[in-house]
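# What the coordinates show
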Amino acid sequence: NMIIRIAAETGVTGAALFLLFLFFLFRSLLARRRSCPGEEGRQLATAMIYGLAGLSASMLLFDGLYWFSLNLAAFFFTGLALGSWKKDSVFSKGC
């Protein structure tokens, strides 16, 4: 379990901050999905939500962030989500 490993390595504070980061990331993606009037923007936000949900589910089963492919996917989805916050970004054209 990735959360238990993070808690063991960084303590309760690190695990709580990691869970808060995931919570706010999902919350911002859901808000972005609701605020998009265009279909393309909603589809992109939905794809990012599903991707992060899959990565989060994999973290419940094994230490996914220590594998390069899952680590890369986590950084990819997080970068897309953070990039979509800016109003003038490429990802917000459909929104």
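For the structure, see preceding data.
Report on the accompanying structure. (Residues numbered from 1 in each chain as written. Predicted model: local features only at pLDDT ≥ 70, side-chain atom pairs only at ≥ 80, totals over all residues. Heavy atoms only, no water.)

### Describing the overall build of the protein chain
When helices and strands are counted, the protein chain shows three helices and zero strands. Partitioning the contacts of the protein chain with sequence separation of at least 6, the portion at a separation of at least 24 is 58%. Only carbon and sulfur atoms are counted for the fraction: they give 71% of the accessible area of the protein chain, which is about 6100 Å². (Helix = DSSP H or I, 4+ residues; strand = E, 2+ residues; numbered from the N terminus. Contact = heavy atoms within 4.5 Å. Areas by Shrake-Rupley, 256 points an atom, 1.4 Å probe, with all protein chains shown as cover.)

### Describing the nonpolar core
Counting residues in hydrophobic clusters, the biggest one holds ten residues: Leu25, Leu29, Met48, Ile49, Leu52, Leu55, Ala74, Phe77, Leu80 and Ala81. Not counting the four nearest positions on each side in its chain, Leu25 is found in contact with Leu52, Thr78 and Ala81. Core analysis: the second largest hydrophobic core is formed by six residues, Met2, Phe18, Leu22 and Met59 among them. (Core = buried A, V, L, I, M, F, W, Y, C linked by side-chain atoms within 4.5 Å. Buried < 20%, exposed > 50% of the residue type's maximum accessible area, 1.4 Å probe, protein only.)

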